[in-house]
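Chain and residue survey
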Amino acid sequence: MNDRNNNSLPSIPLAMTLVGQTVTFAGVRNAGRGLTHRLAEMGLMPGESLEIINRGPGPFIVAVKGSRFVLGRGMVNRILVRPE
Amino acid sequence: MKDKHLTIALAGNPNSGKTTVFNAITGARQHVGNYPGVTVEKKTGSTTHGDVRLDVVDLPGTYSLTAYSIEEVVSRNFLLDEQPDVVIDIVDSSNLERNLYLATQLMELGVPLLLAFNMSDVAKNRGYNIDEKKLSELLGVPIVQTIGHKGKGIAELLDAAMAVSQDPQATSRQRYPNYGHEIEPHLQQLANLLEEKCGIRQRSRWFAIKLLENDAETIKRLGQACPEHIEELTLEAERIRHHIESICGDAAEIILADRRYGFISGACTEAVTQSVEVRHERSDRIDAVMTNRYLGLPIFALLMFLVFQLTFSVGNPVVDAFDGWKGDLAGAVGGLWGESGADSVLRSLLVDGIIEGVGAVLVFTPLIMLLFLAIAFLEDSGYMARAAFVIDRLMHKIGLHGKSFIPMLIGFGCTVPGIMATRTLETRRDRITTILVLPLMSCGARLPIYVLILGAFFPERVFKVLGIYNVTNHALWLFLIYMIGIALAIICAKIFRGTLLKGEATPFVMELPPYRMPTLKGLTIHMWERTWLYIKKAGTIILAIVVVLWALAYWPKLGDEKHAVFEQQRAIVQADAHADKEQIADRLEEIDNAEHEAKLEHSAIGRVGKTIAPVFRPCGFDWKISTATIGAFAAKEVFVGQMGVIYSVGEEADEESEPLREKLAAKYTPLIGFCIMLFSLISMPCMVTVAVTVREAGWRWAMLQVGYLTVLAWVLTTIVYQIGSRLV
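Conventions adopted
- Residues numbered from 1 in each chain as written.
- Chains lettered and ligands numbered in written order.
- Predicted model: local features only at pLDDT ≥ 70, side-chain atom pairs only at ≥ 80, totals over all residues.
- Heavy atoms only, no water.
- Helix = DSSP H or I, 4+ residues; strand = E, 2+ residues; numbered from the N terminus.
- Buried < 20%, exposed > 50% of the residue type's maximum accessible area, 1.4 Å probe, protein only.
- Contact = heavy atoms within 4.5 Å.
- 1 Å grid on protein atoms, 1.4 Å probe; cavity = no way out; pocket = protein on both sides within 12 Å on 5 of 7 lines; lining within 4 Å.
- Points joined across faces, edges and corners; volume = space filled by probe spheres on them.
- Patch = residues over 30% accessible without salt bridge, like charges linked within 9 Å, V, L, I, M, F, W, Y side chains within 5 Å.
- Areas by Shrake-Rupley, 256 points an atom, 1.4 Å probe, with all protein chains shown as cover.
- Salt bridge = Lys/Arg side-chain N within 4 Å of Asp/Glu carboxyl O.
- pLDDT = per-residue confidence, 0-100.
- Phe/Tyr/Trp six-rings, centres within 6.5 Å; stacked < 30°, edge-to-face > 60°.
- Lys NZ or Arg CZ within 6 Å of the ring centre and 35° of its normal.
- Core = buried A, V, L, I, M, F, W, Y, C linked by side-chain atoms within 4.5 Å.
- Domains from an automatic or database assignment.
- Buried area = accessible area lost by both parts, 1.4 Å probe.
- Polar contact = N/O pair within 3.5 Å; in protein donor to acceptor, adjacent residues only side chain to side chain.
- Nonpolar A, V, L, I, M, F, W, Y, C, P; charged D, E, K, R; others polar.
- Pairing = 2+ DSSP bridges.
- Axes fitted to C-alpha atoms, helices over the stretch in contact; angles between N-to-C directions.
- Left-handed = near helix turned anticlockwise from the far one by under 90°.
- Disulfide = S-S within 2.5 Å.

**Observations concerning the overall build of chain A**
On a plain count of helices and strands, chain A comes out with two helices and six strands. In chain A, the order of α-helices and β-strands from amino to carboxyl end is β-β-α-β-β-β-α-β. When the 84 residues of chain A are sorted by exposure, 55% land in the buried category. For chain A, contacts bridging at least 24 residues in sequence account for 63% of all contacts bridging at least 6.

Spelled out as structure tokens, the structure:
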């Protein structure tokens, strides 16, 4: 859990990543406690790596812990990731 | 041992195959109800295993037992309050880590637990090698392999459930995550406080964890159990939370979630080996096409069109056959009275009221069945979630997100479960907006109206597409109607989100399940559940309404002197020596029709209809359509039943009487037909929808829903009719 607060690499919005890229989840901008917790319970927590499977017309499909998630258009601009 | 019985609760993630296991255990002996006070569906079923009766409760599918959604709260309260003898957690074996998260929470809760590693065949195909014995030891919970859709491992699962229920050590053997030296001492401290101050001995660790997570539901529960100390407890928990956050840099609940995943991952590293990385490979390949940024929407539109096309091309011939039988039945029953029975009240009630009214609704059962089958297929195959994905951008523009679209798709079957499905939306704003526009998703009960109208006014034509595929113009019309509904829903949602329900769009996160071939059993059960509701409704509510409507159309009867006038006219025509046989028959029929019309206008329903008719005149509706439109408020399909009654009461019914469609075609124009469809699509939702909206959103929103939809229906229909009648 030590690398989760590693700020050596700048984080970028998920919206700026490309299909096929693998990135590390860093957090969500302007997220309330509830959202962060809900994401964590689904496996999306700081330090977790995620792979961009597909980007549709707005939303993204990402792979986390062997599952596929749809992240909506609003979310992909708020989720911050670090390229691996 | 004869009357021994066991309560089993099934828990599990959405898409873990929980429903297939439930179906495999209970078969068709299922009962769908609601959890008290909330509209979460409660599915129960029962079976016998050996000499023990098993009552099985299918808990809603959840990822965890945090109280963020109503489903989670319901599941948790059920486990806490009802204390089932055994809890079976259905785990997708091909996605162990995420699925076991719920298991760790169940273990922390201290319920007698049993894990069903479902879809074990899929896991093997994907190269997972799971050492169940070892994993079972590491978790301290028995594990049984199952393949739900094939019914494999179910007997073993029930054996294991019996064993767990008889094992007093079952819960104490369970392992749960250790949260480390920064957190464990604080948990212990909170647990001690709970035991000392509130006397909570059972599950004190679990309550301590929930306090640390700042779980609102738990605080409420503790507040009731221990009102004098709750403030002290929450203050202490708050202090610890701050402390942990300052040391670890993350909120306590995030660290707890992280440790739980760590615990699972530790166990899986020891007990699971993976030979190849293949999960989702096939699904991803399908998705590369289905969710393609350019192809996604056209594919979705095409699929929806195919649903209607299939419903029509397969269903219509069956409906026609049913319609024929209905006519035969009416003739046979009517014939029982013989020549003298024309005036029998009972005969009119049976033939004109019940057979023509309820029958008109029932003959459409095959169509409804096919529609529900298609929707069940979209749901079970995993396509629904993809539809939410491809529509997200569009939905985002109107201030909702893709997830709102799933209740809308379900609304194509029936608005009521659609409204229930809005429970999965996170914010009230999104829920209300979705509920408000949901009735615009044309439901299955409106299908009979369209089919009746299309059959009457638009002669069926078949086009060949690509030289091979037959498409009927009826399917195209139907597609148009549904698209009008979707377009209006989008516009109205946009307006609501910009005015009454302003606010930022909510975050959209949703799991995309792998595609699965739906099983015949699952599809059949889903289809039958909903179809049976339709049939039951026809036999109860609609029957009652139709009888009332029949009575209103039958009484008061035309006076004898009026009848005498028509008889006199008949005598004059028959005595006419200059006319040939054909002319006489034609003129007699004209008189028959005029008498029928006079009888109806004299009846109660005729008087009511005439009173309200001016309101509907701009839409092109006469008083008969107007009354049927009002009747449709009780249930949309009543429109069809009521037209059936109106057009048969007072008529000298015999085997030769023409089908309703022909009567309509003779009476109205295709433009009016289209206006009927348009009005039925938009106008006020049925009574049940209103009742559910009141329960889910409150009176004010329900009244707004009824009001705006009715006004919108009237305005649009009037525009179409007024413009249309000037053009034609």
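From this point, the discussion proceeds with the structure in view.
**Side note on empty space enclosed by the protein**
Scanning the model with the defined rule gives four cavities of 30 Å³ or more in all. Around the largest cavity, the lining is made up of 14 residues, and of these P14(B), N15(B), D92(B), N95(B) and E511(B) lie nearest the centre.

**Let's talk about a nonpolar patch on the surface**
Together, V615(B), V711(B), W714(B), V715(B), I719(B), I723(B) and L727(B) give the surface a local cluster of nonpolar side chains, amounting to about 650 Å² of exposed area. For the nonpolar patch, the element with the most residues is helix α31 (residues 699-727) of chain B, which contributes six residues.

**So, the environment of L193(B)**
All names here are of chain B. The topology assignment puts L193 in helix α7 (residues 184-198). For the pair formed by L193 and H229, sequence separation is 36 residues and the distance between their alpha carbons is 9.5 Å. In contact with L193, not counting residues within four places along its chain, are C198, E232, L233 and E236.

**What about the confidence of the model for chain A?**
Mean pLDDT over chain A stands at 82; residues scoring 70 or higher make up 89%. Here residues 1-6 of chain A is modelled with pLDDT under 50, and outside its nearest four sequence neighbours on either side it reaches 12 contacts, counting other chains as well.

**Section: the packing of aromatic side chains**
Residues and elements named next belong to chain B. Under the criterion given, the structure shown has 17 aromatic pairs over all chains. Measuring from ring centre to ring centre gives 5.5 Å for F412 and Y482, while their planes differ by 40°; the resulting arrangement is tilted. Residue F412 is found in the loop between α17 (405-411) and α18 (415-421), and its partner Y482 is found in helix α21 (residues 473-498); the two are separated by 70 residues along the sequence. Considered together, F412 and Y482 belong to a single accessibility category, that of buried residues. Clustering of aromatic rings is evident, with ring pairs tying together F412, Y450 and Y482. Positioned above the aromatic ring of W701, the side-chain terminus of R700 is 5.8 Å from the ring centre.

**Notes on the nonpolar core**
Residue and element names in this part refer to chain B. Judged by nonpolar contacts, the single largest core of 126 residues is most densely connected at F300, V437, L440, M643 and L664. Residue contributions to this core peak at 11 residues, all from α21. Taken domain by domain, the makeup of this core includes at least three residues from each of domain 3 (296-345 + 365-498) and domain 4 (532-727). Contact partners of F300, with chain neighbours within four places excluded, come to Y383, A387, V390, I391, F405 and L409. Within the second largest apolar cluster, 67 residues are counted, among which are Y128, L190, L211 and L212.

**Some remarks on the interface of chain A and chain B**
Opposite the 37 residues of chain A that make contact, chain B presents 41 residues. Of the roughly 3600 Å² buried between chain A and chain B, counting both surfaces, carbon and sulfur atoms make up 58%. The interface formed by chain A and chain B holds two salt bridges in total. Scanning the region where chain A abuts chain B turns up 15 residue pairs in polar contact (both at pLDDT 80 or more). The element that contributes the greatest number of residues to the side of chain A that touches chain B is helix α1 (residues 33-41) of chain A, accounting for nine residues. Looking at the side of chain A that touches chain B residue by residue, the classes come out as 17 nonpolar, 11 polar and nine charged. In the sheet, strand β5 (residues 67-71) of chain A pairs with strand β12 (residues 509-512) of chain B via four bridges, with the strands oriented antiparallel. Across the sheet, residue V70(A) finds its bridge partner in β12(B), namely M510(B).

**With respect to the packing of helix α2 (residues 70-82) of chain B against helix α9 (residues 216-225) of chain B**
Residue and element names in this part refer to chain B. With their axes 11 Å apart at the nearest point, α2 and α9 run at an angle of 35° to one another. Where α2 crosses over α9, the two elements pack in a sense that is right-handed. Within the contact between the two elements, α2 uses V73, R76, N77, L80 and D81 and α9 uses E217, T218 and R221. By residue class, the composition of the contact of α2 with α9 is two nonpolar, two polar and four charged.

**A word on the domain arrangement of chain B**
The domain architecture assigned to chain B consists of domain 1 (5-166), domain 2 (184-248), domain 3 (296-345 + 365-498) and domain 4 (532-727). Look at where the C-alpha atoms of domain 2 of chain B and domain 4 of chain B centre, and you get two points 65 Å apart.

**A look at the pattern of salt bridges**
Going through the model one piece at a time under the given rule, you end up with 30 salt bridges over all chains. Taking the shortest distance from any N to any O, the salt bridge between E217(B) and K220(B) comes out at 3.4 Å. Here the residue E217(B) and the residue K220(B) both occupy positions in helix α9, the gap between them amounting to three residues, near one helical turn. Between D430(B) and R497(B) there is a salt bridge, and its shortest N-O distance comes to 3.7 Å. Of this pair, D430(B) sits in helix α19 (residues 428-437) while R497(B) sits in helix α21, and the two are 67 residues apart along the sequence. With respect to class, D430(B) is no different from R497(B); both count as buried. In this structure, a network of salt bridges that share partners links the residues E41(A), E108(B), K210(B), E213(B) and R260(B).

**Regarding the side chain of T62(B)**
All names here are of chain B. Locating T62 in the fold gives a position in the loop between β4 (52-58) and α2. From its side chain, T62 meets the backbone oxygen of S64 in a polar contact 3.3 Å long. If sequence neighbours within four positions are ignored, T62 has contacts with G12, N13, P14, E71, E72, S75 and L102.

**Some words on the sheet that holds β5(A)**
Spatially, the seven strands line up as an open sheet ordered β1(A)-β6(A)-β2(A)-β3(A)-β4(A)-β5(A)-β12(B), and their pairing is antiparallel. Unpaired on one side and paired on the other, β1 (12-13) of chain A together with β12 of chain B mark the two borders of the sheet. Summarising the sheet, strand β4 (residues 60-64) of chain A and β5(A) pair through five bridges and their orientation is antiparallel. Within β5(A), the position partnered with F60(A) by the bridge is L71(A).

**Considerations on α1(A)**
Burial in α1(A) covers these residues: L35(A), H37(A), R38(A), L39(A), A40(A) and E41(A). On its buried face, α1(A) sits against β2 (22-28) and α2 (73-78) of chain A together with α3 (96-109), α11 (252-271) and β12 of chain B. Backbone geometry just after α1(A) places G43(A) at a positive phi near 105°.

**Some remarks on helix α30 (residues 687-697) of chain B**
An α-helix turns once every 3.6 residues. As a result, residues three or four positions apart point the same way. The complete set of buried residues in α30(B) reads T689(B), V690(B), V692(B), T693(B), V694(B), E696(B) and A697(B). In this structure, the buried side of α30(B) is in contact with α18, α19 and α31 of chain B.

**Quick word on the pairing of strand β5 (residues 86-92) of chain B**
All names here are of chain B. Most of β5 sits out of view: seven of its seven residues are buried. Covered by surrounding structure in β5 are V86, I88, I90 and D92 together with V87, D89 and V91, the residues of both alternating faces. Here strand β1 (residues 5-12) runs beside β5; their pairing, made up of five bridges, is parallel. For A11, the partnering residue across the bridge sits in β5 and is D89. Taken together, the six bridges between β5 and strand β6 (residues 113-118) define a ladder with parallel strand orientation. Looking at β6, one finds that V91 is bridged to F117.

**Here's the deal with the state of the cysteines**
All names here are of chain B. Counted by the stated rule, this structure contains one disulfide over all chains. Disulfide pairing places C198 opposite C226 at an S-S distance of 2.1 Å. Its torsion about the S-S bond being -65°, the disulfide of C198 and C226 is classed as left-handed. Residue C198 is located in helix α7, and its partner C226 is located in the loop between α9 and α10 (230-248); the two are separated by 28 residues in the primary sequence.

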